[in-house]
2 protein chains.
Amino acid sequence: MQPALTFGNYQAHFVDTLQQLEAHEVWQRQPFTIVLVDSNTRAYCLPRLMELAVFQDALILEVPAGESTKNLDMCEHIWESLLAAKAGRDAVLVNLGGGMVSDLGGFVAGAYKRGIPFINIPTTVLAMVDATVGAKTGINLGGVKNSIGLFNEPEAVFFHLPFLETLPHEEVLSGFAEMLKHALLSGQEHWDALVAVGPEGIIANPELIIRSLKVKQAIVGQDPLEQGIRKTLNLGHTIGHALESESMRLGKPLLHGHTVALGMVAELWLSMQILGFPQKDFKAVSNYLLGLYGSFLNIDLSLDNLAELVGNDKKNRSKQFSFSLLQQFGKPEYNCNVSREQLLEALVYLRGSL
Amino acid sequence: MQPALTFGNYQAHFVDTLQQLEAHEVWQRQPFTIVLVDSNTRAYCLPRLMELAVFQDALILEVPAGESTKNLDMCEHIWESLLAAKAGRDAVLVNLGGGMVSDLGGFVAGAYKRGIPFINIPTTVLAMVDATVGAKTGINLGGVKNSIGLFNEPEAVFFHLPFLETLPHEEVLSGFAEMLKHALLSGQEHWDALVAVGPEGIIANPELIIRSLKVKQAIVGQDPLEQGIRKTLNLGHTIGHALESESMRLGKPLLHGHTVALGMVAELWLSMQILGFPQKDFKAVSNYLLGLYGSFLNIDLSLDNLAELVGNDKKNRSKQFSFSLLQQFGKPEYNCNVSREQLLEALVYLRGSL
């Protein structure tokens, strides 16, 4: 069995069988167990969890699948359910699902009665390599992705790789985008290893998931509150978040990883202009990304809307655009100033590439 | 000038003139200043603040006065205003007001873009001796007082005693109740000192406000997250919160301190039954409290509703009643088990005393 990885004050455990969860001390300390699921994980994953003794009396809370569930009304609904069930500080919230469930559940737990503990059990590639580790939680408000949230650490994270076998292809692709981002931050050899297996190869190669996690772990460990180097993990996300918010506003929501992949194309174009990212690497990377993700972008790109959304991304100091870019494979820089004109050019480039 | 008091990672400063605020480094570090006021502090306190250079370009956000403003819709409204103003991580929120403003503002700041810093400038006795120090923030939801919130420390707290001179009598009385609670936790001599000057004497005797703060500081310093001894500060609050929630539900909201004072009568009655709090002290204390606060309780007390609300107070482990009680002056105990029958008897006693 893969040894646990340490993030901040908690550990991410790899469990071959779900029975291994029962050994954790949290169930003794927090006897009131609540499980947050969405309609997918209720069908595909919850039945497996319910075989365990510690979940026999659990309160199950279900929310609709999809990023649009991450809103304040849903928080209110969950908080009212917790109050109705008289959940106190002896409760623990188990987030069983993808990044939407853990983002929402981590925020809900952090603000309920000034904080109850929570556990993440990620069921998607994206949630495993990104959302459930690193302590970022949040919801969308005012059309801005993750505009409300907390840095809030889980008690523990449990990875059970067989959950990934039930995922549709486009969900795997979404998680693969974050893995590709980790490779860009880490080095060419890591990139080549991912390209060699491709998105459908990663489930049979869990060592690549672990490799991604270790890239994230190393960066988050240096800067948990994103004052500096952690910003490099936002590569592709500044424009990616704008694409994701805009697609939600238009009622044609794109998956997070797909928008990050397309955001990386635009931000690597900026990297080439501003930091001299090599042109041949840009060609190879952007062609690969466009080949996998280009066809998902089925919305009209309003440059003004996107620039407005970029301006409201929380990674930006007000009244200027600040990006995390790449000097070369494995050499990220953060707090790179980008003018409005450069941003618009990058968006024009992306639009023209599709 | 009174030296600053340290709470956790921040300090509470006493400023004789508001100009002294300008020396703080936060205005340099967080240049986007937002001031949260209610309709009272907008009229009586904000004009004084606006004389300062650092507030010249501040964004002013006003909310209605009163505890019923501490709700999730108001949070959403403020968050949307912050997004519309493109407030980023360079922003600081200044809470100018009583406990409602700092409870609401501290929560809003803590969850906006995963946390922006905030400053408290309390303008009531209650906010000075209680709400703005200790890092508790929160809003009311589902009829339960402070059910949603965060432990979230301000950057700094500024006490400017002349703000108290504009307060109506019942507001001063509300704050005086928390000062009386601090005296009960601290000792008979402290109690006698407060009774000697009475509620209207405290503004002319700021050393009594400082004495209260030091009691709170000593307790919070030992247990900032309320795992143990900090629970003693909840004396009067378990039943007090139920009274406050019930009065809001009935559309006749009582002030926080008034309900805490009445909650203390009921909880000292429990203290006498369960911990042997001396009968003669109980008589003296409860008569004093009932004399000052008894006439404010103008609602019908439904014992079932109150017991239900006590069961949902966050200081209670689910399915039992846990109270902070008093063995004698200056000798509090926490995690005292109280049966439903004892709780109902205490409420009957309170009802009969009015």
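Computed from a predicted model, the values in this text were never measured in an experiment. (Residues numbered from 1 in each chain as written. Chains lettered and ligands numbered in written order. Predicted model: local features only at pLDDT ≥ 70, side-chain atom pairs only at ≥ 80, totals over all residues.)

### Concerning the overall build of chain A
The helix and strand tally for chain A stands at 14 helices and 11 strands. Computed over the C-alpha atoms, the radius of gyration of chain A is 20 Å, within 12% of the 20 Å expected from 2.2 N^0.38 for a compact globule of 354 residues. Projected onto its principal axes, the C-alpha coordinates of chain A cover approximately 55 × 40 × 35 Å. Counting over 354 residues, chain A shows a buried share of 53%. Restricting the contact set of chain A to residue pairs at least 6 apart, pairs at least 24 apart contribute 74%. (Helix = DSSP H or I, 4+ residues; strand = E, 2+ residues; numbered from the N terminus. Rg over C-alpha atoms; globule rule 2.2 N^0.38 Å. Buried ≥ 20, exposed ≤ 12 C-beta atoms within 10 Å, placed from the backbone. Contact = placed C-beta atoms within 7 Å.)

### Description of the domain arrangement of chain A
Residues and elements named next belong to chain A. Under the domain assignment used here, chain A contains domain 1 (5-166) and domain 2 (169-353). If you look at the interface, domain 1 gives 25 residues, while domain 2 gives 29 residues. Those elements that place two or more of their residues in the side of domain 1 that touches domain 2 are strand 1 (5-7), helix 6 (125-131) and strand 8 (144-151). Of the residues forming the side of domain 1 that touches domain 2, the biggest block, 5 residues, is contributed by helix 6. The residue makeup of the side of domain 1 that touches domain 2, split by class, is 13 nonpolar, 8 polar and 4 charged. (Domains from an automatic or database assignment. Nonpolar A, V, L, I, M, F, W, Y, C, P; charged D, E, K, R; others polar.)

### Observations regarding the sheet that holds strand 3 (residues 32-38) of chain A
All names here are of chain A. With respect to topology, 7 strands assemble into an open sheet ordered 1-2-9-6-5-3-4, the strand pairing being mixed. For this open sheet the edge positions go to strand 1 and strand 4 (59-63), each flanked by a neighbour on one side alone. Within the sheet, the average angular offset between the axes of one strand and its neighbour, ignoring direction, is 20°. Bridge count for strand 3 against strand 5 (residues 91-97) is 5 bridges, and the pairing is parallel. Bridge pairing in strand 5 places Val-35 opposite Val-94. Of the strands in this sheet, strand 3, strand 5 and strand 6 (118-122) touch helix 5 (residues 99-111), which is tilted by about 165° from strand 5. Against the sheet, helix 9 (residues 206-222) makes contact with strand 1 and strand 2 (10-14), and its axis sits at roughly 35° relative to strand 1, the strand it touches most. (Pairing = 2+ DSSP bridges. Axes fitted to C-alpha atoms, helices over the stretch in contact; angles between N-to-C directions.)

### A short note on the sheet that holds strand 3 (residues 32-38) of chain B
All names here are of chain B. The sheet built from 7 strands is open, its strands ordered 1-2-9-6-5-3-4 with mixed pairing. The sheet is open, and its two edges are formed by strand 1 (5-7) and strand 4 (59-63), each paired on a single side. On average, adjacent strands in this sheet sit at an angle of 20° to one another, irrespective of strand direction. Note that strand 3 and strand 4 share 5 bridges and pair parallel.

### Some points on the relation of the copies chain B and chain A
By a simple turn and slide, chain B fits onto chain A: the slide is 0.0 Å along the axis, the RMSD is 0.0 Å, and the turn is 180°. The relationship between the two copies is best expressed as a two-fold rotation axis. Interface overlap between copies is the fraction of interface residues in one copy that are interface residues in the other; for chain B against chain A it reaches 100%, indicating a shared surface. (Least-squares fit on C-alpha atoms with pLDDT ≥ 70 in both.)

### Focus on the interface of chain B and chain A
Size of an interface, as often reported, equals the accessible area lost when the parts are brought together. Counting residues at the interface gives 32 residues for chain B, matched by 32 residues for chain A. Every element with two or more residues in the side of chain B that touches chain A is listed here: helix 4 (72-84), strand 7 (136-141) and strand 8 (144-151) of chain B. At 6 residues, strand 8 of chain B tops the list of elements feeding residues into the side of chain B that touches chain A. Its residues assigned to classes, the side of chain B that touches chain A shows 12 nonpolar, 10 polar and 10 charged.

### A short note on the confidence of the model for chain A
In this model, chain A carries a mean pLDDT of 94, and residues with pLDDT of at least 70 account for 98%. The ipTM value of the predicted complex is 0.92, and its pTM value is 0.93. (pLDDT = per-residue confidence, 0-100.)

### A short note on the environment of Thr-6 of chain A
Residue and element names in this part refer to chain A. Examined against the element boundaries, Thr-6 turns out to sit in strand 1. A residue is classified by how many C-beta atoms lie within 10 Å of it, and Thr-6, with 11 of them, is exposed. Sequence separation between Thr-6 and Val-133 is 127 residues; the distance between their C-alpha atoms is 9.8 Å.

### What about the pairing of strand 8 of chain A?
Buried residues dominate strand 8 of chain A, accounting for 6 of its 8 residues. Where strand 7 (residues 136-141) of chain A folds back onto strand 8 of chain A in an antiparallel hairpin, the turn is made up of 2 residues, including Gly-142 of chain A, whose phi is positive at roughly 60°.

### A look at the packing of helix 13 (residues 303-311) of chain B against helix 14 (residues 340-353) of chain B
Residues and elements named next belong to chain B. With their axes 10 Å apart at the nearest point, helix 13 and helix 14 run at an angle of 125° to one another. Relative to helix 14, the element helix 13 is oriented oblique. Where helix 13 crosses over helix 14, the two elements pack in a sense that is right-handed. Where helix 13 abuts helix 14, its residues Leu-303, Leu-306, Ala-307 and Val-310 lie against Arg-340, Leu-343, Leu-344 and Leu-347. Looking at the contact of helix 13 with helix 14, its residues break down into 7 nonpolar, no polar and 1 charged. (Parallel < 35°, antiparallel > 145°, perpendicular 65-115°, else oblique. Left-handed = near helix turned anticlockwise from the far one by under 90°.)

### Re the nonpolar core
Counting 215 residues, the largest nonpolar core has Leu-93, Leu-96 and Val-108 of chain A together with Leu-93, Leu-96 and Val-108 of chain B as the members making the most contacts within it. Excluding anything up to four places from it in sequence, Leu-96 of chain B contacts Val-35, Leu-36, Val-37, Thr-41, Cys-45, Leu-46, Leu-49, Val-101, Ile-121 and Thr-123 of chain B. (Core = buried A, V, L, I, M, F, W, Y, C linked by C-beta atoms within 7 Å.)

### Side note on helix 10 (residues 237-249) of chain B
Residue and element names in this part refer to chain B. The terminal C-alpha atoms of helix 10 lie 17 Å apart, and with 13 residues this matches the ideal 18 Å at 1.5 Å per residue to within 8%. Across the 13 residues of helix 10, 11 count as buried, placing the element largely inside the fold. Those residues of helix 10 that are buried are in contact with strand 8, helix 11 (256-275), helix 13 and strand 10 (321-328). (Expected span 1.5 Å × (residues − 1).)

### Digging into the pairing of strand 2 of chain A
Taken residue by residue, a regular strand's side chains alternate between the two faces of the sheet. All names here are of chain A. As defined by bridge partners, strand 1 adjoins strand 2 across 3 bridges and the pair is classed as antiparallel. Across the sheet, Phe-7 pairs through a bridge with Tyr-10, a residue of strand 2. The turn joining strand 1 and strand 2, which pair antiparallel and follow one another in sequence, is formed by 2 residues; a positive phi near 50° is taken by Gly-8.

### Comments concerning unusual backbone geometry
At Lys-86 of chain A, a position not held by glycine, the phi torsion is positive, near 55°. The exposure class assigned to Lys-86 of chain A is partly exposed, which follows from the 15 C-beta atoms found within 10 Å.

### Details of the packing of helix 11 (residues 256-275) of chain A against helix 12 (residues 279-293) of chain A
Residue and element names in this part refer to chain A. Orientation of helix 11 relative to helix 12, taken along the N-to-C sense of each, is 160°, at an axis distance of 10 Å. Regarding the angle of helix 11 to helix 12, the classification is roughly antiparallel. Handedness of the crossing formed by helix 11 with helix 12: left-handed. The residues of helix 12 that touch helix 11, namely those facing His-258, Ala-261, Leu-262, Met-264, Val-265, Leu-268, Trp-269 and Met-272, are Gln-279, Phe-282, Val-285, Ser-286, Leu-289, Leu-290, Leu-292 and Tyr-293. In the contact of helix 11 with helix 12, the residues fall into 13 nonpolar, 3 polar and no charged.

### A look at helix 5 of chain A
All names here are of chain A. Given a rise of 1.5 Å per residue, 13 residues ought to cover 18 Å, and the 18 Å separating the end C-alpha atoms of helix 5 matches this to within 8%. The buried count for helix 5 comes to 13 of 13 residues, which makes it a mostly enclosed element. Once helix 5 finishes, Lys-113 follows within two positions and takes phi at roughly 50°, a positive value.

### What to know about the environment of Gly-228 of chain B
All names here are of chain B. Within the fold, Gly-228 resides in the loop between helix 9 (206-222) and helix 10. Between the alpha carbons of Gly-228 and Ile-78 there is a distance of 34 Å; along the sequence they are 150 residues apart. Apart from the residues within four sequence positions on either side, Gly-228 is in contact with Asp-223 and Tyr-334.

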